[in-house]
Amino acid sequence: MADALRGDGPRRDRTADHSLPLDTARESFTWLVTGPEPLSLDGRPFPGLPNRTIPLDELRDRMLRRRCPIRTRDAVWAHLVRRSREEGATWTLACTGMALPALAGVARWLAARYPGDPFDVHAEVLSGFLGALATIDVDRPRVLVRLRWAAYRTGFTALRKALEAPTPVAPGFWSTPPRPPWGHPDLVLARAVRATVLTPTEADLIGATRLDEVLISDWADRYRMTADAAYKARRRAEYRLIAFLRDQDCTSDSDDPVAACVAADFSSDATERHRPVGLRQSQSVVGVRSSGPVRVGKKVPATVSKTGPNRGLLSCGSPTPACAPTPSSEAPRCA
């Protein structure tokens, strides 16, 4: 009875009789690379790979190693995607098998929060991946990362719709609110974008360089800006995100551990690590207290740090949304 009231009672589950879509893809991929003539790829055109024909299961293991160059991964994935578009089913299945480690993690996280049959959310993840396989730009870097994000977005859309759907009430029972999809920093960034604290580009900058281990220089090259400008843009965006999370802390549910965790990480680690050395113990900036008397420094012209409506760096000059006051660590250097 208690389980039924909480919504944890038995539910229809097709996984008892059928394999999940990703399990089926794994079995089919195994057949492709099994036998005397496994599906293979010539490694000679790709730097960092052996000068021989490489079975795809061995190729996947090589590309999962940390020492595998990013350029090699992108070149291989661009080749696989093109063959999938040109030759069809076999190489489409090969791409799915090569991406299974990334897709399995996405599907596992979403299925743990999905209130319905896990089969449905697995199918949505696979559908999002296959849809992106036909449209993704292979000339841009991080092909697999972008394919993974496409699969995640499709699966997360299904999860959100399932959580927002009205719960049918059985005779003698009543419904309870669905469990919010807490536990992932991507949701914190999405909430900040909806609140206009961050722009979508700033959220992508933080998510890619903090969560996906993308080098900030690679991200800057992709958006045609210098690495120094990207560092400054990320630091300013993180300050606004910290202020937003602290402001929301009083009104948010105490059961949500993500906001407090992200705010603590940024404020104690990222903020201090990226703060200019001269500002950490400066005693010549107005308002900085120390054990001795306050020393008032020379006034800095207002043009040193833009605070007007056109200060949006990542939006090509468009205004950045209004946000909480910038922390004291953003004070300009002394003259």
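Details of the structure are given in the entry above.
1. Things to note about the overall build of the chain
Then step 1. Secondary structure assignment for the chain yields 14 helices and two strands.
Then step 2. Carbon together with sulfur atoms contributes 54% to the accessible area of the chain, which is approximately 19800 Å² in total.

2. Remarks on the environment of V188
Then step 1. Inspection of the secondary structure assignment puts V188 in helix α9 (residues 185-194).
Then step 2. Placed 57 residues apart in sequence, V188 and L245 show a C-alpha to C-alpha distance of 8.7 Å.

3. Overview of helix α5 (residues 89-98)
Then step 1. Where α5 is concerned, the buried positions are W91, A94, C95, T96, G97 and M98.
Then step 2. Turning to α5, the residues buried within the fold contact α2 (21-32), β1 (40-42), α3 (56-64), α4 (70-87), α6 (100-111) and α7 (118-135).

4. Notes on the packing of α2 against α6
Any two packed helices are characterised by how steeply their axes cross, that is the angle between the axes, and by the distance between the axes.
Then step 1. It is the contact of α2 with α6, at a shortest axis distance of 11 Å, that shows an interaxial angle of 165°. Compared by their axis directions, α2 and α6 come out roughly antiparallel. Regarding α2 and α6, the two cross each other, and that crossing is left-handed. Between α2, through L22, A25 and R26, and α6, the contact on the second element is made entirely by L100, L103, A104 and A107.
Then step 2. Along the lines of polarity and charge, the residues of the contact of α2 with α6 split into six nonpolar, no polar and one charged.

5. Considering unusual backbone geometry
Then step 1. For T196, which is not a glycine, the phi torsion comes out positive at approximately 60°.
Then step 2. Along the chain, the position of T196 falls in the loop between α9 and α10 (200-211).
Then step 3. Here T196 falls in the partly exposed class, since its relative accessible area comes to 40%.
Then step 4. At R224, a residue that is not glycine, the phi angle is positive and equals roughly 60°.
Then step 5. Secondary-structure assignment places R224 in the loop between α11 (216-222) and α12 (227-248).

6. Some details on the pattern of salt bridges
Then step 1. Scanning the model with the defined rule gives 10 salt bridges in all.
Then step 2. One salt bridge connects R52 with E58, and the closest N-O pair in it is separated by 2.5 Å.
Then step 3. Two residues, D218 and R142, come together in a salt bridge whose shortest N-O distance is 3.7 Å. A residue pair is termed long-range when its members are at least 10 positions apart, and D218 in helix α11 and R142 in the loop between α7 and α8 (143-164) qualify at 76 residues.
Then step 4. Overall, D218 belongs to the partly exposed group, its relative accessible area being 27%.
Then step 5. Overall, the relative accessible area of 10% leaves R142 in the buried class.
Then step 6. Through salt bridges with shared partners, a single ionic network connects R52, E58 and R62.

Conventions and cut-offs
- Residues numbered from 1 in each chain as written.
- Predicted model: local features only at pLDDT ≥ 70, side-chain atom pairs only at ≥ 80, totals over all residues.
- Heavy atoms only, no water.
- Helix = DSSP H or I, 4+ residues; strand = E, 2+ residues; numbered from the N terminus.
- Areas by Shrake-Rupley, 256 points an atom, 1.4 Å probe, with all protein chains shown as cover.
- Buried < 20%, exposed > 50% of the residue type's maximum accessible area, 1.4 Å probe, protein only.
- Contact = heavy atoms within 4.5 Å.
- Axes fitted to C-alpha atoms, helices over the stretch in contact; angles between N-to-C directions.
- Parallel < 35°, antiparallel > 145°, perpendicular 65-115°, else oblique.
- Left-handed = near helix turned anticlockwise from the far one by under 90°.
- Nonpolar A, V, L, I, M, F, W, Y, C, P; charged D, E, K, R; others polar.
- Salt bridge = Lys/Arg side-chain N within 4 Å of Asp/Glu carboxyl O.

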